[in-house]
Amino acid sequence: MTWPKHYGGGGRSAFHRYVVMEEMLFGGAPVSLHWIADRQSGPLLLRFGTEQQCRALLPGIARGQLCFCIGLSEPDAGSDVANIRTKARRTDDGWRVAGTKLWTTNAHRANYMIGLFRTASGLPERHAGLSHFLVDLSLPGITVRPISDLTGAGHFNEVIFDDVLLAPDALIGREGDGWKQAMAELAFERSGPERFLSSIQALVELVRLFAGDATEEIAALVGRLTAQLVTLRNMSISVSAMLEARQDPALEAAIVKDLGGTFEQLLPESIQHVLGLDLTTGPASDLHQVTAHLLRMAPAFSLRGGTREILRGIIARGLGLR
Ligand SMILES: Cc1cc2nc3c(=O)[nH]c(=O)nc-3n(C[C@H](O)[C@H](O)[C@H](O)COP(=O)(O)OP(=O)(O)OC[C@H]3O[C@@H](n4cnc5c(N)ncnc54)[C@H](O)[C@@H]3O)c2cc1C
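What counts and how
- Residues numbered from 1 in each chain as written.
- Predicted model: local features only at pLDDT ≥ 70, side-chain atom pairs only at ≥ 80, totals over all residues.
- Heavy atoms only, no water.
- Pairing = 2+ DSSP bridges.
- Helix = DSSP H or I, 4+ residues; strand = E, 2+ residues; numbered from the N terminus.
- Phe/Tyr/Trp six-rings, centres within 6.5 Å; stacked < 30°, edge-to-face > 60°.
- Buried < 20%, exposed > 50% of the residue type's maximum accessible area, 1.4 Å probe, protein only.

**Things to note about the pairing of strand β3 (residues 94-102)**
Here's step 1: Inspection of the sheet shows strand β2 (residues 87-91) paired to β3 by five bridges, in the antiparallel sense. Bridging across to β3, Lys87 finds its partner in Ala98.
Here's step 2: Connecting β2 to the next strand, β3, in antiparallel fashion are two residues.
Here's step 3: Inspection of the sheet shows β3 paired to strand β7 (residues 156-166) by seven bridges, in the antiparallel sense. Across the sheet, residue Trp95 finds its bridge partner in β7, namely Leu166.

What follows is the structure, encoded as structure tokens:
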């Protein structure tokens, strides 16, 4: 919605996008396939990509035809992104890539990955020597292996690169600037309504089930959760205002994601506690079913996009406390 019209975008403001995203999440729209490309990969290309990369890819994303995934994490590099070992070696015909990415959401469905690879080693600064690449996932030498989550769903993967040849123009931005670019990309990921609405259907079902017939305890729970929801929404909208004003909301986005993740985890937990739901039996209601599902998903809410501890480190640094 916010991209320039000449790349197929809508030329709208961050607020317009916010309203549409919120409505889609609230309505349970099937947005997963295009989410990463719209939220992160496209904005990253707009900021750091070449004109040729933007022309080749952005219109296809805007039309909903191209799916992207993010290749940051590896078996020994999650929170500690600087520990990335997947190497991209410059050769006469382009770049040769070897290594493994892990937890790559949608890699099994994506057309492209934007991957962070090591292009230089042995440098004194740990975050130096990393670069961003555009990877066509249909290239020979790439294997995508599915990983099941606690609910049995298969949305993330292991992606293995066995001496994969990338074209010379696959580099995004400047060689060695990958860390800086990846951190800019994460700010897009950390503040939107999806960072506090993951559990919203449980609150909707709670209100639906007990409308006009709630005990004092249930009414107090709905009031408490709604007050937190409204506050988080106001904070998230403020971050959209910063994005619109082209300010860097890294600290504010980390706060929204940390508080939002805590809220998303607390919501199904507190419903289970107050109603005394027995989740070992079959679902007795839609509320029962959605709460049971969310309790299995909830551990991921404070891992994906940066763990709780890492976010709190960013917040402490932003506030000048470390
Ligand atoms: C649903 C889901 C989807 C994901 N999708 C993607 C994706 O598409 N692409 C991608 O690249 N990655 C993805 N990830 C991976 C995610 O980014 C990592 O799981 C996350 O960064 C944590 O890394 P890790 O799992 O290696 O845990 P670790 O980094 O090993 O952390 C383990 C624990 O130690 C704590 N810890 C680590 N370092 C510190 C520190 N310095 N101080 C204090 N505590 C610390 C962490 O907070 C955590 O509790 C996804 C993860 C999930 C759950």
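Back to the write-up after that little detour.
**What to know about the packing of aromatic side chains**
Here's step 1: Following the criterion strictly, the structure yields five aromatic pairs and no others.
Here's step 2: Each ring, one from Trp95 and one from Phe133, has its centre 4.9 Å from the other, and the planes form 70 degrees; the classification is edge-to-face. Taken together, the residues Trp95 in strand β3 and Phe133 in strand β5 (residues 130-136) connect sequence positions 38 residues apart. Side by side, Trp95 and Phe133 carry an identical accessibility label, which is buried.
Here's step 3: Taking the centre distance of 5.5 Å and the plane angle of 70 degrees together, the rings of Phe117 and Phe161 count as edge-to-face. Of the two residues, Phe117 is situated in strand β4 (residues 112-118) and Phe161 in strand β7; the sequence distance between them amounts to 44 residues. An identical accessibility class is assigned to Phe117 and Phe161; each is buried.

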